[in-house]
Structure formats: C-alpha cells, structure tokens
Amino acid sequence: MFTLTQDQIAIREMARDFANAEIAPFAVDWDEKKHFPVDTLRAAAALGMGGIYVQDDVGGSGLSRLDAALIFEALATGCPGTAAFLSIHNMATWMIDRFGDEDQRATWVPRLTTMEHIASYCLTEPGAGSDAAALKTKAVRDGEYYVVDGQKQFISGAGASDIYVVMVRTGGDGPKGISTLVIEAGTPGLSFGANEKKMGWNVQPTRAVIFEGVRVPVQNRLGAEGDGFKIAMAGLDGGRLNIGACSLGGAQAALDKTLAYMRERKAFGQRLDAFQALQFRLADMATELEVARTFLWRAAAALDAKTPDATKLCAMAKRFATDAGFNVANEALQLHGGYGYLADYGVEKIVRDLRVHQILEGTNEIMRLIISRALIAQGN
Ligand SMILES: Cc1cc2nc3c(=O)[nH]c(=O)nc-3n(C[C@H](O)[C@H](O)[C@H](O)COP(=O)(O)OP(=O)(O)OC[C@H]3O[C@@H](n4cnc5c(N)ncnc54)[C@H](O)[C@@H]3O)c2cc1C
C-alpha cells in the first residue's frame, strides 16, 4: 500500500507533465490578472481529469480516490488555486454521478466530465458556515417544482459555472430537513454577487449565489427529500482529500523552488544550502510533507475501501496536510529572504493560495470536531 503501481506512476506523471507545460508557466500571471483558466481546465478534462472518480458510462475515468490524490498533488505543483477548482468540480460532478438516477446522470454528467459544463458546490450561507446544518435557503414545493429563495456565500466558480449543486431546506430544522437540488445557470431568479477580493485563489471567482423565486423541477432533486446533508457530507470526504493533496503539491513546488534557490544564493561567502541550520530546516520540511502524503494516501485507501473510519481519516488527513502544506510553503518564503516576498518568484502566491485550505471544506477546527466526536463515540 506504500508503493504505487505502474499505472499510478503513469497517471501522476501525466498530471505533472500537464502542470509543468500548461499551468506553471502562467500561474503568477493568472493570479495577478484574476484570470479563471477555463480553457486549461477543459484541456485537463480532455485527459480524463474532469471526472476522475466518476463512472465511465457517463464519460468519467473510473479511477480511485488514491489516484485522484496523486493527480491533484501533481496539478497543484503548477497552481494550487487551479487544481483546487478542478477538485471542487470533480466533487460536485461525483455527487450527481453517485446520487443521481439514470436520467439525471445522463442529462448532466457527460458534459461535466468533458467540462463543456462546469459545476459548483453550494452549501455555505452568510449565516451558516461551519454549522452547515443550520442553512436556511428554502425550497417550497409547488406542484412539480420547488420554489427556491435564499443565498449561498463564498461559492467557488459562481457566475462562471453552468451547474450548481445546491443544499436547500425542504423540511424542518437540522440536517434531516435538507435536500440537494441541481440548478442550471440561466434559470430565472438565479443571480450572483460581485467577485470577492481575496488573499489568494485569485485564479477562480468566488461569489454569492442568490435565489429569488427560482423554480426548479422536482426531477432535479438528487436522492430523496431529507438526504441532502448526507449527500453534501459524502462529497466532502473526497473533497477534503483533494484539498489536502493540493496543499501537498503547492508546498512541494515551494520546497523545490527553495532547493534550487539555495543552490544559487550566497551569503557570508557560501551557498545557502551549505549552512547546516538551513539544511536541517529543509530536512524538516521534506519530512513533514512525506508524513502528510503517506497519511493522505492511507485515508484515500480507506475511502476507496469504504471502511467505517473513512470520514474520520479524511478529516485527519485534511487537517494535517493543509497545516503541513501551509507551514512548509511559509518556511520556503522565509528561506528566499526578501525575494520570497516578491511575486515573480512564485512562492508568496503559493503561501496565499494554501492559506485558505485551512479554512474551507470545513475549517481545521471542524476537522478536530469530526475526529474528536468519532473518538468519543468509539469510547462510549
Ligand atoms: C475562497 C473560499 C472559497 C470557498 N468556496 C466554497 C464553495 O465553493 N462552496 C461552499 O459551500 N463554501 C465555500 N467556502 C466556504 C467555506 O467552506 C466556509 O468559509 C467555512 O466552512 C467556514 O465557515 P464560515 O466562514 O462561516 O466561518 P464560521 O463558521 O463563522 O467560523 C468562524 C471561526 O469559528 C470556528 N468555529 C466555528 N464553529 C466552531 C466549533 N463548533 N468549534 C470550534 N471552532 C469553531 C471556525 O473554525 C472559524 O475559525 C469557501 C470559502 C472561501 C474563503
């Protein structure tokens, strides 16, 4: 389980080659211009990365969560923000593939796996972030339609996406009153807020999604009424692994840049990489990343095997990998001295991009909540 197969090595190399050629050379410029690289995402999809763990009858690649972790780490070496958006698209697409009926899968998924259409995941609201089960966006039944009113906050890809997988309240308070609807762009009453000004992740738009009397056919509901929270959380198990993998890729790129820089840069008459104090920091950075990577693979294997502790392991992996990734990238910036603070070196962008991975898809405090609840339940 700690050795990759030949196929996995080939998949990782394919993603790494794509990142080196199609993403890395442009990432700093995209960040500066706030450019959302849709054409590049479509090119990734043409290589099978639009529906990595989606079934192949609807155009998916039918790969495992471990394969996905390898792909997202490799892509994020080019740009964590671009790789992370692809991971959200993959998560939303998988939710339709996994919980949709045959008609729903055939209607939406083939154009999502090619990324002719792009998908967003809509859970967070202005008054419900960590406490997602308190969401208030209402969907009231009116014959063969739901009428949706409310607002989602911080939605990645909003305004640019074609398909919105939206968690809404169809019943009473709490998680059991939540359902999942697929809402298409262009539906009357659906609108978007301004593109948020952010610290990082500037290569993808983040907007509020506003619903004012949006009429959505009942046939757009995934699963039964009341299944929505379960569906949302199932998406996030894999999403958290992918975000963790994006942190590893970004941090690995920062470490690689640091090794190259320290070979060239001199101080006090010697190369930076000749100072033992700095060598030890490199050793710690590489060790942290390797520990995080190995554990993330273990969590991915548990999700593939659907073991009972998979959710807990995914939360542990997300918490550990995103903290390790941010710390390593921040150390890399420090080892670049003043140059690390300049945009042209590409390290400060990685630090800015990785910071949000500790916040979204459940904050790292909420990961601790999930882990400790599982431990206490086990003890009882
Ligand atoms: C750039 C960006 C993109 C995003 N993309 C998406 C997206 O595509 N779709 C989507 O649905 N959401 C998205 N989000 C939202 C993100 O998931 C939320 O911001 C996150 O879940 C935290 O919610 P909040 O911001 O409301 O913080 P709050 O829930 O208000 O939390 C504030 C602080 O309190 C802590 N806290 C809260 N409750 C507890 C507790 N019980 N115990 C201990 N600490 C606690 C939190 O950890 C945090 O530190 C995105 C966010 C950002 C910044």
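A quick note: this is a predicted structure, and the numbers were derived from the prediction, not measured. (Residues numbered from 1 in each chain as written. Predicted model: local features only at pLDDT ≥ 70, side-chain atom pairs only at ≥ 80, totals over all residues. Heavy atoms only, no water.)

So, the overall build of the protein chain
When helices and strands are tallied, the protein chain shows 11 helices and 10 strands. Here the C-alpha atoms of the protein chain give a radius of gyration of 21 Å, agreeing with the 21 Å that 2.2 N^0.38 yields for 380 residues. Taking the principal axes of the C-alpha coordinates as reference, the protein chain spans close to 80 × 50 × 40 Å. Each of the 380 residues in the protein chain was classed as buried or not, and the buried ones make up 53%. Taking contacts inside the protein chain between residues at least 6 apart in sequence as the whole, the part at least 24 apart equals 74%. (Helix = DSSP H or I, 4+ residues; strand = E, 2+ residues; numbered from the N terminus. Rg over C-alpha atoms; globule rule 2.2 N^0.38 Å. Buried < 20%, exposed > 50% of the residue type's maximum accessible area, 1.4 Å probe, protein only. Contact = heavy atoms within 4.5 Å.)

Some words on the nonpolar core
Membership of the largest hydrophobic core comes to 102 residues, with the highest contact counts inside it found for M49, L75, I96 and Y121. No other element matches the 15 residues that helix α7 (residues 228-264) contributes to this core. For Y121, the residues in contact, after removing those within four places along its chain, are I88, M91, M95, I155, V165, M167, A232 and L236. In terms of nonpolar packing, the next biggest core, distinct from the first, is built from 17 residues, Y146, I155, V166 and V209 among them. (Core = buried A, V, L, I, M, F, W, Y, C linked by side-chain atoms within 4.5 Å.)

Topic: the site of the ligand
The full set close to the ligand counts 17 residues, and T124, S130, F154, T363 and E365 are the nearest of them. One of the side-chain N or O atoms of T124 is found 2.7 Å from a nitrogen atom in the ligand. Interatomic distance of 2.8 Å between a backbone N/O atom of F154 and a nitrogen atom of the ligand. For the ligand, the protein covers 66% of the area, taking 970 Å² as the surface of the free molecule. Taking a 2 Å distance to the grid points as the criterion, the majority of the atoms of the ligand fall inside the largest pocket. For the shell around the ligand, the elements supplying multiple residues, two or more each, are β3 (145-156) and α11 (364-379). (Near = heavy atom within 4 Å. Polar contact = N/O pair within 3.5 Å; in protein donor to acceptor, adjacent residues only side chain to side chain. Areas by Shrake-Rupley, 256 points an atom, 1.4 Å probe, with all protein chains shown as cover. 1 Å grid on protein atoms, 1.4 Å probe; cavity = no way out; pocket = protein on both sides within 12 Å on 5 of 7 lines; lining within 4 Å. Sits in = over half its atoms within 2 Å of the grid points.)

Notes on unusual backbone geometry
With phi around 50°, K34 is a residue other than glycine that occupies positive phi space. With respect to the helices, strands and loops of the structure, K34 is situated in the loop between α2 (27-33) and α3 (38-46). Look at F154: it is not a glycine, yet its phi comes out positive at around 65°. Looking at where F154 falls in the secondary structure, it is placed in strand β3.

A few points about empty space enclosed by the protein
A full pass over the atoms with the stated rule returns one cavity of 30 Å³ or more. Here the largest cavity defines a volume of roughly 40 Å³. Counting only elements with at least two residues in the lining of the largest cavity, the list comes to α1 (6-23), α3 and α5 (80-99). Considered class by class, the residues forming the lining of the largest cavity number seven nonpolar, two polar and no charged. (Points joined across faces, edges and corners; volume = space filled by probe spheres on them. Nonpolar A, V, L, I, M, F, W, Y, C, P; charged D, E, K, R; others polar.)

Remarks on α7
The terminal C-alpha atoms of α7 lie 54 Å apart, and with 37 residues this matches the ideal 54 Å at 1.5 Å per residue to within 8%. Largest kink in α7: about 25°, centred on D237. Most of α7 sits inside the fold, with 28 of its 37 residues counted as buried. (Expected span 1.5 Å × (residues − 1). Bend = angle between axes of the 7 residues up to and from the residue.)

Details of the packing of helix α9 (residues 310-335) against helix α10 (residues 347-355)
Relative to each other, α9 and α10 sit at 160°, their axes nearing to 9 Å. Judged by the inter-axis angle, α9 sits roughly antiparallel to α10. When the axes of α9 and α10 are compared, the crossing they make is left-handed. Residues G325, F326, A329, N330, A332 and L333 of α9 lie in contact with α10, whose contacting residues are V347, E348, I350, V351, L354 and R355. Residues that form the contact of α9 with α10 fall into these classes: eight nonpolar, two polar and two charged. (Axes fitted to C-alpha atoms, helices over the stretch in contact; angles between N-to-C directions. Parallel < 35°, antiparallel > 145°, perpendicular 65-115°, else oblique. Left-handed = near helix turned anticlockwise from the far one by under 90°.)

Re the packing of α5 against α7
Closest axis-to-axis distance for the α5/α7 pair is 9 Å, and the angle between their directions is 155°. Comparing their axes, α7 and α5 come out roughly antiparallel. As α5 packs across α7, the resulting crossing turns out to be right-handed. Residues P80, A83, A84, S87, M91, W94, M95 and F99 of α5 pack against I231, A232, A234, G235, L236, G239, N242, I243, C246 and G250 of α7. A class-by-class count of the residues in the contact of α5 with α7 yields 13 nonpolar, five polar and no charged.

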